[in-house]
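Structural description and commentary
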Amino acid sequence: MLFKLAFKNILSRRSSVVIIIFMSFAATLLVVSNAIFDSTEKGVQNSFTASFTGDFVVRPLSDVPLSLFGDETPVTGDLTTIEKVVPYQSICDVISSTPGIQGFVSQVSGIAMMEHGNKRKTMSLFGVPSKQYLSLMSGLRIVDGGGYGPQDKGMMISDKVAEELDVEVGSVVQFTIADGTAFRISAATVTGIYTYESPNTIFQRFVLVDPDIVRGVMDIADSYSLDDGDIDAAKQNLLADDLDFDALFSAGDVDVIFEDVETSNVDSQTQEPVEEIEMGQADSTAWNFIICRLDSGARPEHVIRALNKEFTARQWPVEVVNWRHAAGSTALYLYWMRLIFNIGILIVMGAGFIVVNNTLVVNVLDRTREIGTMRALGASSLFVSLQCMVETVTMTLVSGVIGCVVGVLVSSAVTGMKITFTNTFLMQLFGESALVVRVSIGNVTGIMFLMLCLGVLGWVYPVITTLKVHPIEAIQGIK
């Protein structure tokens, strides 16, 4: 009975059609605008994570804003020394044992003047092992040459920067950095030229260089971790506590006989050759960042929270940040630009919803005489309230469904138009060279919940106001 009367009242009033059309239009705008914003956010994130930031980054604790480029503090940022990630090997062990992590690569960073011929450009140097880096960064594609090996002392450069500096594979590029009154200079051979699937001017700010070159030009003290398990226990105790140091320097009555033996490679106790440990074969621990990629479907915020909790518990001076903070001020600038744009849209949509809500309120208040008559005939306040609620919520939900369906169709049509961008700023803002609009389940669910809340708000106040009027006065048309 209740739903039958509610539906009959909706169909019998022309104002109901106007309300549904207006609210459907508002819902459509919300669906399309939110789909655009969600798509641009996803596009920028995919572009950055697949190109240089990874899904998250482990960095040293710092009092200054720190990104993969270094100190983000204005003016003085280039002069700040970046601390190293310590204890490096222990952190790597924790990362390796964390579920959901696809892989990680270490990076040492610096800023230097890059020169080739008479052309020069200030660049950020990303000291990374090329094989690991290329395997994790799917947004990077080699167009000429290839990666550099540990002994190559090479570098890789983007096609845009290569064109700007007139560089090709085999060219020797010089790096220079001023340190007070002195200069440090190093050189590297270009072994590969790459391009990005999603062009962005931010990607032209850095080059990939052999880590040892970056450590040298930035004067970063190198250190190595040696696996004690590779050294025999007897060989680790060459300087044991019971060693008689005086005996080493007292010849006594023994004649000294020189033999042509390389004693540096002979164990003093066993007289067997000792295996040399080459520092070039050990793993360096002088790194500023650890860039991590996650498996498909893993939740970055969950992994970041778990790692930060673990590092804090162990009192290690490091922290885990998401891709946006790893990218630095430029990515945050794009984020704030989109946020301001979103706020503008919300203000416009908020004004529209105020109009819609007022329409719903007026729709109920105009029925004061009808409600008074129902109460005079014996209808209870609860029955009247429920009937008005069913009518209002039904109109808002129907409007929401229509708006979502139309919004999905409009979004598909926009994507099908294949709108492309040539403006660099728009490419950075949308994260892609083409406008792709995707409507998510969360987007639709949020719109339907918002419409439901609007229906409840448009029902509570006018019904309470109407029920306060005496049935006789309501029948007489008092509002």
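Our subject is the structure listed above.
Along each chain, numbering runs from 1 in the same order as the chain's sequence is written. Thresholds applied to this predicted model are a pLDDT of at least 70 for local features of residues and 80 or more for the giving and counting of side-chain atom pairs; totals over whole chains, interfaces and linings are not thresholded and use all residues. As a rule here, side-chain values cover all heavy atoms of the structure and leave hydrogens and water aside.

1. Quick notes on helix H13 (residues 381-416)
Definition in use: Strands here are runs of E lasting at least two residues and helices are runs of H or I lasting at least four, both read from the DSSP assignment and numbered beginning at the N terminus. Expected span, for any helix, means 1.5 Å times one less than how many residues it has.
The end-to-end C-alpha separation of H13 is 52 Å, in line with the 52 Å expected for 36 residues at 1.5 Å each. Of the residues trailing H13, Lys418 is marked for its positive phi of about 55°.

2. Remarks on the nonpolar core
Worth spelling out the cut-off: What we call a nonpolar core is a set of buried Ala, Val, Leu, Ile, Met, Phe, Trp, Tyr and Cys residues that are connected through their side-chain atoms within 4.5 Å. Residue exposure (1.4 Å probe, protein chains only): buried if accessible area is under 20% of the type maximum, exposed if over 50%, otherwise partly exposed. The contact rule is simple, with two residues in contact once any of their heavy atoms fall within 4.5 Å.
Met114, Met155, Ile157 and Phe175 are the most contacted members of the largest nonpolar core, which totals 44 residues. No other element matches the five residues that helix H3 (residues 88-96) contributes to this core. Look past the residues within four positions of Met114 in its chain and what remains in contact with it is Lys119, Arg120, Lys121, Met123, Met155, Ile157, Val161, Leu165, Val173, Gln174, Phe175 and Val207. Grouped together as the second largest cluster of nonpolar side chains are 29 residues, Ile82, Leu136, Ile202 and Ala327 included.

3. Some words on the pattern of salt bridges
Applied cut-off: Salt bridge, as applied in this entry: a Lys or Arg side-chain nitrogen positioned within 4 Å of an Asp or Glu carboxyl oxygen.
All told, the structure shown has eight salt bridges when counted by the stated rule. For the salt bridge of Glu319 with Arg59, the shortest nitrogen-to-oxygen distance reads 2.9 Å. With a gap of 260 residues between them, Glu319 in strand E14 (residues 318-322) and Arg59 in strand E1 (residues 56-60) connect regions that are remote in the sequence. Assessed through its relative accessible area of 13%, Arg59 is described here as buried. The residue Asp212 makes a salt bridge to Lys153 at a minimum N-O spacing of 3.4 Å.

4. Observations regarding a nonpolar patch on the surface
This is how the line gets drawn: Like charges within 9 Å and nonpolar side chains (Val, Leu, Ile, Met, Phe, Trp, Tyr) within 5 Å are joined into patches, using only residues over 30% in relative accessible area that form no salt bridge. Accessible surface is estimated by sampling points in the Shrake-Rupley manner with a 1.4 Å probe; for residues, cover comes only from the protein chains shown.
Together, Leu397, Leu452, Val456, Val460 and Ile464 make up an exposed nonpolar region whose accessible area comes to about 330 Å². For the nonpolar patch, the leading source of residues is helix H15 (residues 441-467), giving four residues. The residue Ile464 is located in helix H15 in this model. The class of Ile464 is partly exposed, set by a relative accessible area of 44%.

5. What to know about the packing of aromatic side chains
Note the following rule: For Phe, Tyr and Trp, rings pair up if their centres lie within 6.5 Å, where Trp contributes its six-membered ring, and each pair is then called stacked (planes under 30 degrees apart), edge-to-face (over 60) or tilted (otherwise). Only when the NZ of Lys or the CZ of Arg is both within 6 Å of the ring centre and within 35 degrees of the ring normal is a charge said to sit over the ring.
Throughout the structure, instances matching the rule amount to 14 aromatic pairs. For the ring pair Tyr194 and Tyr196, a centre distance of 5.5 Å and an interplane angle of 85° mean the geometry is edge-to-face. Like Tyr196, Tyr194 is buried. A connected cluster of aromatic rings, assembled from ring pairs, spans Phe48, Phe52, Phe69, Phe126, Tyr194, Tyr196, Phe203, Phe206 and Trp323. The ring centre of Phe69 lies 4.0 Å from the NZ or CZ of Arg205, which sits over that ring. Positioned over the ring face of Trp287 is Arg215, at 4.5 Å from the centre of the ring.

6. Examining the packing of helix H2 (residues 14-53) against H13
Keep this limit in mind: Axes here refer to lines fitted to C-alpha atoms; in helices the fit is confined to the stretch in contact. Angles between the N-to-C directions go from 0 to 180 degrees. Angle categories are assigned with fixed cut-offs, so that under 35 degrees is roughly parallel, over 145 is roughly antiparallel, 65 to 115 is roughly perpendicular, and the rest are oblique. The hand of a helix crossing depends on one turn: near helix anticlockwise from the far one by less than a right angle means left-handed, and clockwise means right-handed. Residue polarity follows a fixed list, in which Ala, Val, Leu, Ile, Met, Phe, Trp, Tyr, Cys and Pro are nonpolar, Asp, Glu, Lys and Arg are charged, and the others, Gly among them, are polar.
Close contact between H2 and H13 brings their axes to 7 Å; oriented N to C, the two are set at 45°. Relative to H13, H2 is oriented oblique. Between H2 and H13 lies a crossing whose hand is right-handed. Looking at the contact of H2 with H13 residue by residue, the classes come out as 14 nonpolar, nine polar and no charged.

7. Examining the pairing of strand E4 (residues 101-116)
For the record, the criterion: The pairing criterion is simple: DSSP has to find at least two bridges between the two strands.
Across six bridges, the pairing between E4 and strand E13 (residues 289-294) is antiparallel. Bridge assignment links Gly103 to a residue of E13, and that residue is Arg293. Relative to strand E5 (residues 119-127), E4 is paired through nine bridges, and the arrangement is antiparallel. Opposite Ser109, over in E5, you have Phe126 as the bridge partner. Here E4 folds back onto E5, and the loop between the two strands holds two residues, one of which, Gly117, carries a positive phi near 65°. Where E4 meets strand E8 (residues 172-179), three bridges bridge the pair, whose relative direction is antiparallel. Pairing of Met114 across the sheet is with Phe175, part of E8.

Everything listed is a geometric property; what it means functionally is a separate question.
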